[in-house]
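# What the coordinates show
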Amino acid sequence: MALLELNDLRVSLEDGTEIVKGVDLDVSPGEIHALMGPNGSGKSSLAYALMGHPAYEITGGEALFDGQDVSEMGADKRAQAGLFLAFQYPHAIPGVTVTSFLRSAINAIRKARAGGEDDPVPIPEFRKELLEAMEHLKIPRELAQRYLNDGFSGGEKKRVEILQMAMLKPRIAVLDETDSGLDIDALRIVANGVRELVGPETGALVITHYQRILNHIKPDFVHVFVDGRIVEEGGPELAHKLEEEGYEAFLPEGAEA
Amino acid sequence: MRKFRLKSLEYFQARPLPAWGGDLTGIDFDNIFYYIRPTEKQASSWEDLPPDIKNTWDKLGIPEAEKKYLAGVGAQYESEVVYHKLKEDLEAQGVLFLDMDSGLREHEELVKEYFGKIIPQNDNKFAALNSAVWSGGSFIYVPPGVKVEMPLQAYFRINAENMGQFERTLIIVDEGAYVHYVEGCTAPVYSSDSLHSAVVEIIVKPGARCRYTTIQNWSNNVYNLVTKRAVAYENATMEWVDANLGSKLTMKYPAIWLMGEGAHGEVLSIAFGGKDQHLDAGGKAVHYAPHTSSIITSKSISKDGGRASYRGLLEVAKGAVGSKSKVVCDALILDEDSRSDTYPYIRIDESNVDIGHEATVSKIGEEQLFYLMSRGLSEAEASAMVVSGFVEPITKELPLEYAVEMNRLIQLQMEGSVG
Ligand SMILES: Nc1ncnc2c1ncn2[C@@H]1O[C@H](COP(=O)(O)OP(=O)(O)OP(=O)(O)O)[C@@H](O)[C@H]1O
Ligand SMILES: [Mg+2]
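First, a word on scope: everything that follows refers to the structure included in this document. Bear in mind the structure is a predicted one, so any value in this text is a computation, not a measurement.

On to the sheet that holds strand 1 (residues 4–12) of chain A, then. Sheets are built from strands paired through backbone hydrogen bonds, the pairs being either parallel or antiparallel. Residue and element names in this part refer to chain A. Taken in spatial order, the 4 strands of this open sheet run 2-1-4-5, and their pairing is antiparallel. Taken across any chain shown, the strands that pair with only one partner, and hence form the sheet edges, are strand 2 (18–27) and strand 5 (68–69). Running at roughly 110° to strand 1, helix 1 (residues 43–51) makes contact with strand 1, strand 2 and strand 4 (57–65) of the sheet.

Below you can see the structure in the form of C-alpha cells.
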C-alpha cells in the first residue's frame, strides 16, 4: 500500500461545483511524481483538498495517508502526520519572522509526535540546521529575520516554501508550481534541493507546467491532468512529449488548450 | 496632604460618573476597602518577605529578568509596598526609587513641588478619588545627566476581595537623564468586582528621556481606570508603552504634554478585549510648543464578543509651529460577535503643522490560518501567531522577557476560544 493513496477522489467547492472528478494516484517515499495539466484543470484544488483547505471538500472516493482517511483530519493533523504542501501563492504573516515561525511549526510537529508532550527542538540544533538549509538553498541570511512572506519577491517566497519543506521533513510533499517565478539559477538550486530531500523517507508530487524543472528533478512518473482527471500516465518521456505537442491530444473534442 | 485628600474627596463626590467610554454603573463605591495593610513593616530584602507573599509571586511566575533585577524591584502587595530595595549603583548615582509613601516622608520638598501638579486632583472623577485615598505606588527621581541602564521594575497586584487599589506614581527625570520604568500587573480571580484607579505623573526635563512600560493583565472583574500623564520640556522624549489585557472595563489614555520646543512623545498601545471585556484605550498628545512631534500607535484586538476601542486626543495649540503628529490605529477583529471602534478627537489651532491619521480594521483570514495549520499548528496556535504578529511592532519595544510574557498571555487568551 502506498503512503498516499487516492481512490476515485472527488473534490467540490462550497457551491457544489465538482472540480476534481475521480482521481486515482499512489505516491510512496522515494518516488517523484509530476502532475501536469492546463490552467484551471483543478491541480491546485486537488492539492488544497489533500492538505485540508476548508473550501475544498472531498465529496467522493477517498484520500488515504498512511492508511488513514484524511477527510477526518484537520490540516494541522495532516501536517503532523507528514504531509506538506508548498503553496502556489504562499500567504504573508506580518510580524512573524521566518525563524520564529519555523521554530513554532517544528515544535508543533514534535509535540504531536511525542504524544502531546512538549518536546521543543534545542535552539542550537535548530539554528545550525536552519543556517545549513538556507545556505544550501542560497537564501540570504537576513531573510530569516524578515516577516514570513511579507514583501518577499515571488522567487523568495518559493524558496522559503522549500526551506520549510527542508526543515519540517515531510513524508509526502506536494509542490504546487514551485518553479513558477524562479529565475534560471534559482530553479536549478531549488530543484536540486527538492531532489535531495526525496529519499527513503520522503516522496513528492510536483505540480508544474514546464519541462525545465523536471530536467533537474527527474520524475519517476508523469501524470497528465485535464478537467479534473488523470488522462494519461507514463515516465519522464511523457513530459517531453507534452512540451512539444501541448495538451491538445488530451482535450475533449472541440475544446481548446 | 490631609487637606489635599479631603478636598479631593469633595471633588470626587461632586463629579458625576463619565457618560462616555464604558459602563461604570457596576462599581459599588461603598463596598470597596480603600486601604489594607498586608504586613506590618516593609521588607528590605527578598529573604525578609513573608513566605505567603513569596509563594504568590512564584505562582505569578515573575519573569527571570525580574528575579535577576529583584534588587531594584518595588512590588505592591495589597496596597502597600512590602519590598523595596534600591540597587546599590543606583544609590551611588543619586537615583531615588522608593514607594510613594516613603518618598513623601523622606523627600517632602521634591514631592510637593510636583505631586498633583501634572494631574490636578480635580482632573477627573477617578483622579479625584485616587487623590483622596491613594496609597503606595512609586516615587522616582533621576538626577541630571544620569542614565539608568536597566529598567526599573515593579509588580503590582490586587489580592484581597473588593479591594480598590489606588497607587500613585511620580517620576521626575532631570535634565539630560534617562530612565525606563516597567510596571507589570497580574491579578488572581475574585468573586466580586474590584476597582483599580491609579494616577501616574511624569516630568521629563529638557533633553531627558523617559519610557514607561506597562503590561497589564487584570482578572475579568476589575475596573481599571487609570490616569497617566507626562510633561516633556525642550528636546525631551516621553514614551508610553501600554499593553492592556484582561479587566472588565479599562479606560486608559496615557497622555503627553509637549511643553518645550523640540519635545517628542510616543504612545504605543495594545488593547485585547475578550469575552465580557471592554477595553477603551489609546493616547493623548498635546502640542504646546513649536517643532514638537508625536506618534500614537494603537493596536486593538477583540474576540469572543469583546470590545476594544481606540480613543485618542491630538491637540495642537496656536504657536506650536512646525509640529508633527502621526496617529496609526489598527484593529483586528477575531470573530463576528466582537467589536472595535475608533474615536479620534483632533483639535488643531495652528496651520503650520503636519498631521497624519491612519486607521485599518482587519479580520484574521481563513487563508492565513490554513497556511499556518498546514505547517502543523493547531487553529488556536495559528490564530495566536497571527495576533502576535499583529502586535509585534509594539512587543518588539518591550524588554525581551516581557515580550515573551506578552506572547504567552496572548496565547492563553486565544486558547480558551477555539472550537
Ligand atoms: N475557491 C474557489 N472559488 C471559486 N472557484 C474556484 C475556487 N478554487 C478553484 N476554483 C475554480 O476551479 C478551477 C480549477 O482551479 P485550480 O486553481 O485548481 O486550477 P489549476 O489547475 O491549479 O490551474 P493553474 O494551472 O492556473 O494553477 C478553476 O476554474 C477555478 O476558477
Ligand atoms: Mg494552480
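Residue and element names in this part refer to chain A. Taken together, 14 residues surround ligand 1, and among them Lys-43, Ser-44, Ser-45, Tyr-56 and His-209 come closest. A distance of 2.9 Å separates an oxygen atom of ligand 1 from a polar side-chain atom of Asn-39. Gly-40 is positioned with one of its backbone polar atoms (N or O) 2.9 Å from an oxygen atom of ligand 1. About the coverage of ligand 1: the protein hides 60% of its 630 Å² of free accessible area. Considering each element in turn, the shell around ligand 1 owes the most residues, 3 residues, to helix 1. Of the residues in the shell around ligand 1, the class split is 4 nonpolar, 8 polar and 2 charged.

Any space left empty among the atoms is revealed by the rolling of a water-sized probe across them. When its volume is computed, the largest pocket comes out at roughly 1,400 Å³. When contributions to the lining of the largest pocket are tallied by element, the ones reaching two or more residues are helix 3 (98–113) and helix 4 (123–136) of chain A together with helix 9 (379–395) and helix 10 (400–415) of chain B. Of the residues assigned to the lining of the largest pocket, the class counts are 15 nonpolar, 13 polar and 10 charged.

Together, Tyr233(B), Met259(B) and Tyr288(B) make up an exposed nonpolar region whose accessible area comes to about 260 Å². Considering the arrangement of structural elements, one finds Tyr288(B) in the loop between strand 16 (278–287) and strand 17 (293–302).

Its 15 residues place the ends of helix 5 (residues 154–168) of chain A 21 Å apart at the C-alpha level, agreeing with the 21 Å of an ideal helix rising 1.5 Å per residue. Where burial is concerned, most of helix 5 of chain A is hidden: 12 out of the 15 residues are buried. Along helix 5 of chain A, the residues that are buried comprise Gly155(A), Lys158(A), Arg159(A), Val160(A), Glu161(A), Ile162(A), Leu163(A), Gln164(A), Met165(A), Ala166(A), Met167(A) and Leu168(A). If you follow the buried residues of helix 5 of chain A, they end up packed against strand 6 (83–86), helix 3, helix 4, strand 7 (172–176) and helix 6 (184–197) of chain A together with helix 8 (366–373) of chain B.

Residues and elements named next belong to chain A. Counting buried positions along strand 7 gives 5 out of 5 residues, so the element sits mostly inside the fold. Residue alternation in strand 7 divides its side chains into two sets, Ile-172, Val-174 and Asp-176 and Ala-173 and Leu-175, and both sets are buried. The pairing of strand 6 with strand 7 spans 4 bridges and is parallel. If you follow Phe-84 over to strand 7, its bridge partner there is Ala-173. Here strand 7 runs beside strand 8 (residues 203–208); their pairing, made up of 5 bridges, is parallel. Paired with Ile-172 across the bridge in strand 8 is Gly-203.

Our focus in this paragraph is a negative patch on the surface. A surface patch of negative charge is lined by Glu14(A), Asp15(A), Glu57(A), Glu366(B) and Glu367(B). Note on placement: Glu57(A) falls in strand 4.

Another aspect to go through is the packing of helix 3 of chain A against helix 4 of chain A. Each pair of packed helices can be described by the angle between their axes along with the distance between the axes. Residues and elements named next belong to chain A. It is at 12 Å that the axes of helix 3 and helix 4 come closest, and there the two elements cross at 120°. Classed by the angle they form, the pair helix 3 and helix 4 counts as oblique. When you trace helix 3 past helix 4, the crossing you get is right-handed. Contacts between helix 3 and helix 4 pair Thr-99, Leu-102, Arg-103, Ile-106 and Arg-110 from the former with Ile-123, Glu-125, Phe-126 and Leu-130 from the latter.

Moving on, we come to the pairing of strand 14 (residues 255–258) of chain B. Residues and elements named next belong to chain B. Sheet analysis places strand 11 (residues 222–232) next to strand 14, joined by 4 bridges and oriented parallel. What sits directly across from Ala-232, in strand 14, is Leu-258. Here strand 14 pairs with strand 16 via 4 bridges, running parallel. Paired with Trp-257 across the strands is Val-286, a residue of strand 16.

Let us look at the packing of aromatic side chains. Going through the model one piece at a time under the given rule, you end up with 14 aromatic pairs over all chains. Ring centres of Tyr48(A) and Phe87(A) lie 6.0 Å apart, and the angle between their planes is 65°; this geometry places the pair in the edge-to-face category. With Tyr48(A) in helix 1 and Phe87(A) in the loop between strand 6 and helix 3, this residue pair connects regions lying 39 residues apart in the sequence. Relative to Tyr253(B), the ring of Trp20(B) lies with its centre 5.9 Å away and its plane at 45°, an arrangement referred to as tilted. Highlighted residues: Trp20(B) in the loop between helix 1 (2–14) and helix 2 (51–60) and Tyr253(B) in the loop between strand 13 (249–252) and strand 14, separated in sequence by 233 residues. Accessibility expressed as a relative area gives 11% for Tyr253(B), which makes it buried. An aromatic cluster of three or more residues is present, and its members are Tyr48(A), Tyr56(A), Phe87(A), Phe370(B) and Tyr371(B). A cation over a ring is seen here: Arg212(A) above Tyr210(A), with NZ or CZ 5.9 Å from the ring centre. In this arrangement the basic side chain of Arg311(B) is found over the ring face of Tyr343(B), its NZ or CZ atom lying 4.3 Å from the centre.

What follows deals with the environment of Gly95(A). By secondary structure assignment, the location of Gly95(A) is in the loop between strand 6 and helix 3. Using a relative accessible area of 13% as the deciding quantity, one classes Gly95(A) as buried. Here the alpha-carbon distance between Gly95(A) and His53(A), two residues 42 residues apart in the chain, equals 24 Å. Leaving out residues up to four positions away in the same chain, Gly95(A) has contacts with Tyr147(A), Gly389(B) and Glu392(B).

A few words on the coordination of the magnesium ion (ligand 2). All names here are of chain A. For the magnesium ion (ligand 2), the protein coordination sphere consists of Ser-44 (OG) and Gln-88 (OE1), at 2.0 to 2.2 Å. Separated by 44 residues along the polypeptide, Ser-44 in helix 1 and Gln-88 in the loop between strand 6 and helix 3 bring together distant segments of the chain. Exposure class is identical for Ser-44 and Gln-88. Each is buried.

About the thresholds
- Residues numbered from 1 in each chain as written.
- Chains lettered and ligands numbered in written order.
- Predicted model: local features only at pLDDT ≥ 70, side-chain atom pairs only at ≥ 80, totals over all residues.
- Heavy atoms only, no water.
- Pairing = 2+ DSSP bridges.
- Helix = DSSP H or I, 4+ residues; strand = E, 2+ residues; numbered from the N terminus.
- Contact = heavy atoms within 4.5 Å.
- Axes fitted to C-alpha atoms, helices over the stretch in contact; angles between N-to-C directions.
- Near = heavy atom within 4 Å.
- Polar contact = N/O pair within 3.5 Å; in protein donor to acceptor, adjacent residues only side chain to side chain.
- Areas by Shrake-Rupley, 256 points an atom, 1.4 Å probe, with all protein chains shown as cover.
- Nonpolar A, V, L, I, M, F, W, Y, C, P; charged D, E, K, R; others polar.
- 1 Å grid on protein atoms, 1.4 Å probe; cavity = no way out; pocket = protein on both sides within 12 Å on 5 of 7 lines; lining within 4 Å.
- Points joined across faces, edges and corners; volume = space filled by probe spheres on them.
- Patch = residues over 30% accessible without salt bridge, like charges linked within 9 Å, V, L, I, M, F, W, Y side chains within 5 Å.
- Salt bridge = Lys/Arg side-chain N within 4 Å of Asp/Glu carboxyl O.
- Expected span 1.5 Å × (residues − 1).
- Buried < 20%, exposed > 50% of the residue type's maximum accessible area, 1.4 Å probe, protein only.
- Lys, Arg positive; Asp, Glu negative; His and termini not counted.
- Charge placed at Lys NZ, Arg CZ, Asp CG, Glu CD.
- Parallel < 35°, antiparallel > 145°, perpendicular 65-115°, else oblique.
- Left-handed = near helix turned anticlockwise from the far one by under 90°.
- Phe/Tyr/Trp six-rings, centres within 6.5 Å; stacked < 30°, edge-to-face > 60°.
- Lys NZ or Arg CZ within 6 Å of the ring centre and 35° of its normal.
- Donors = N, O, S within 2.8 Å, 3.2 Å for Na, K, Ca; no water.

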